[in-house]
Amino acid sequence: MKIIEVENLVKKFGSFVANDHLTFSVDEGEIYGFLGANGAGKTTAMKILCGLSSPTSGKVMVAGYDVYHQTEMIKKRIGYMSQRFSLFEDLTVWENFQFFGGIYGLPAAKIRERTTELLGRLGLGGEKNRILGSLPLGWKQKLAFSVAIIHNPSIVFLDEPTGGVDPITRRQFWEIIYETANQGITVFVTTHYMDEAEYCRRVSIMADGKIVALDTPANLKAKYNAANIEEVFLKIARN
Amino acid sequence: MSSAISIHAANITKRYGDKTALDDVSFDISKGELFGFIGPDGAGKTTLFRIITSLLKPGSGAMTVEGFDTVKDYIKLRKILGYMPGRFSLYQDLTVEENLRFFAGIFKTTPEANYDLVKDIYSQIEPFKDRKAGKLSGGMKQKLALSCALIHKPEVLVLDEPTTGVDAVSRIEFWEMLSRLRLSGITIVVSTPYMDEASRCDRVALIQSGKIMSIDTPEAIRNNYGQDLWAIKTDDTYRLLGDLRQFKYTRTAFPFGEHIHLSLISKSVKPAEISAYLEAAGHINIHISKIEPSIEDCFMEMMSTESSTREK
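Residues numbered from 1 in each chain as written. Chains lettered and ligands numbered in written order. Predicted model: local features only at pLDDT ≥ 70, side-chain atom pairs only at ≥ 80, totals over all residues. Heavy atoms only, no water.

Draft legend 1. Up close: helix α1 (residues 45-52) of chain B. Residues and elements named next belong to chain B. With respect to burial, α1 is a largely interior element, six of its eight residues being buried. Here α1 has its buried residues at K45, T47, L48, F49, I51 and I52. Just downstream of α1, S54 is the residue with a positive phi angle, here 70 degrees. (Buried < 20%, exposed > 50% of the residue type's maximum accessible area, 1.4 Å probe, protein only. Helix = DSSP H or I, 4+ residues; strand = E, 2+ residues; numbered from the N terminus.)

In structure tokens form, the structure reads like this:
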């Protein structure tokens, strides 16, 4: 089943075309890497997929809902995490989960159950009463991810989730992503670490508002005769 | 080191409340060196750079830059420093050219007087000189910020995470600019969370949790890794990771793109034994090759060693 379907998505700001006829789809339970140079149009497209911005034209369906008329339904079915917008530093771990669970309208009993389950999975159950600001960055990123899936969304958007994270935590983070995808939650992720692109089932690469490549990492490397995704990226971006 | 010292740091410690941002950090950086501080967010890089640039006093310890004490001689020091902070801090509502002229003016010079030093970088954004800085793309902002940090011809250039959040292509271009700039003899100190950028530096300090784990040339750090390292690939990377962690000879197993980097508890284990184990676990298309460690391998090795020493 397709969880995201995009056909000929165009987004213009005045005369500037930020997204120029994007067409792609994402399968349920897939880890999809959304790559591109700075200014290629990734953020614009992500905002549309999250129901925060309307396309100029084209068809965009997310979790079965239309981004023109059903953005409130979309927002209930997605999770979002970025490096920048994270959790509240002066609340405890537990309070952060309660707050975001409440925002998603989950019943109190369900929030408690999910919080216990997610903290247990991270091995951070014993830390629930600590103030978030006092925790190491790597823990905060893992907690932010758990909060983004507290309402069991169909799809979770991760915008550079591992930027600046130490190399061991960065790898642990990807293991959590794998587990999440195995449980059926689709993962849509952007990153500047090209080794992480290899962990995705499929990746697309944007340049100047267009998707110029979309395939599995193995097929892209074969097509561009490259040893790794970084080489593919450089070959595309320099053309 | 035979060459003259540009930056000397002795036992620098800095605490914020009960958090230790820098813990007894000492190092020497030579004149004309391209020196990198490599470490994740929260390692203490920005605190250290604020001390180098005299914007923050160390809690204890002493630091000199070109012979100037960073606390006592800060007025003299600031004249010979160029500093590019981690956050874009030029004037968004001034044009490209106005920003450059403003920063030159603060140091009582003109863009024309030192044009040679910035030409390579500034010429790339000169076609947009009438555009407001706030309207530039990320890569162009970065070039303007570097031009402004250089326009008074500093002896020491301090760049705090210039490539964070920058795409792979722009990162490569930025380091190419630094390599050319290095030829002018200026001392360049740069920080980055990207381990692969270490190879661009003459020497690097690997920094984590306020401590320097190692200072050396990138080659020497790689040579000191101390383990045989294997890159392993099969058709199912995720299952491979789990299986390798169960392997009785495994010391560490970390994913690196489509490969798993594996170190073993004994050097006498043959690749054939790894291969036989993986075949028995049902893996197909098994590729095993011995590789040289990257800086990232070394960083993780040191992180693991440091935390296990702490726990003991």
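Don't stop here, the text continues.
Draft legend 2. Focus on the environment of A:A237. Relative to the helices and strands, A:A237 resides in helix α9 (residues 229-237). Once the C-alpha coordinates of A:A237 and A:A207 are considered, the two residues, 30 residues apart in sequence, prove to be 6.8 Å apart.

Draft legend 3. Geometry of the packing of helix α3 (residues 96-106) of chain B against helix α5 (residues 138-150) of chain B. Residues and elements named next belong to chain B. For the pair α3 and α5, interaxial distance at closest approach is 8 Å and the crossing angle is 25 degrees. Relative to α5, α3 is oriented roughly parallel. By crossing handedness, the relation of α3 to α5 is classed as right-handed. Touching V96, N99, L100 and F103 of α3 are L144, S147 and C148, all from α5. Considered class by class, the residues forming the contact of α3 with α5 number five nonpolar, two polar and no charged. (Axes fitted to C-alpha atoms, helices over the stretch in contact; angles between N-to-C directions. Parallel < 35°, antiparallel > 145°, perpendicular 65-115°, else oblique. Left-handed = near helix turned anticlockwise from the far one by under 90°. Contact = heavy atoms within 4.5 Å. Nonpolar A, V, L, I, M, F, W, Y, C, P; charged D, E, K, R; others polar.)

Draft legend 4. Highlighting the pattern of salt bridges. Residues and elements named next belong to chain A. Throughout the structure, instances matching the rule amount to 35 salt bridges over all chains. The salt bridge involving K210 is made with D20; its shortest N-O contact spans 3.0 Å. A residue pair is termed long-range when its members are at least 10 positions apart, and K210 in strand β10 (residues 210-215) and D20 in strand β2 (residues 16-27) qualify at 190 residues. With a relative accessible area of 42%, K210 lands in the partly exposed category. (Salt bridge = Lys/Arg side-chain N within 4 Å of Asp/Glu carboxyl O.)

Draft legend 5. Seen up close, the interface of chain B and chain A. Taken residue by residue, the interface counts 31 residues in chain B and 32 residues in chain A. Among the residues chain B hides against chain A, the three largest losses belong to B:D167, B:V169 and B:Y238. Together they make up 23% of the total. Counting the contacts that link chain B with chain A gives four salt bridges. In this structure, B:E258 and A:K221 form a salt bridge, with 2.7 Å as the shortest nitrogen-oxygen distance. Where chain B touches chain A, the interface holds 10 residue pairs in polar contact (both at pLDDT 80 or more). When residues of the side of chain B that touches chain A are traced back to their parent elements, those giving at least two are α6 (168-182), α8 (237-246), β12 (250-256) and α10 (295-311) of chain B. With seven residues, α6(B) is the largest single contributor of residues to the side of chain B that touches chain A. When its residues are assigned to classes, the side of chain B that touches chain A shows 16 nonpolar, five polar and 10 charged. (Buried area = accessible area lost by both parts, 1.4 Å probe. Polar contact = N/O pair within 3.5 Å; in protein donor to acceptor, adjacent residues only side chain to side chain.)

Purely spatial values, then, with no claim about function.
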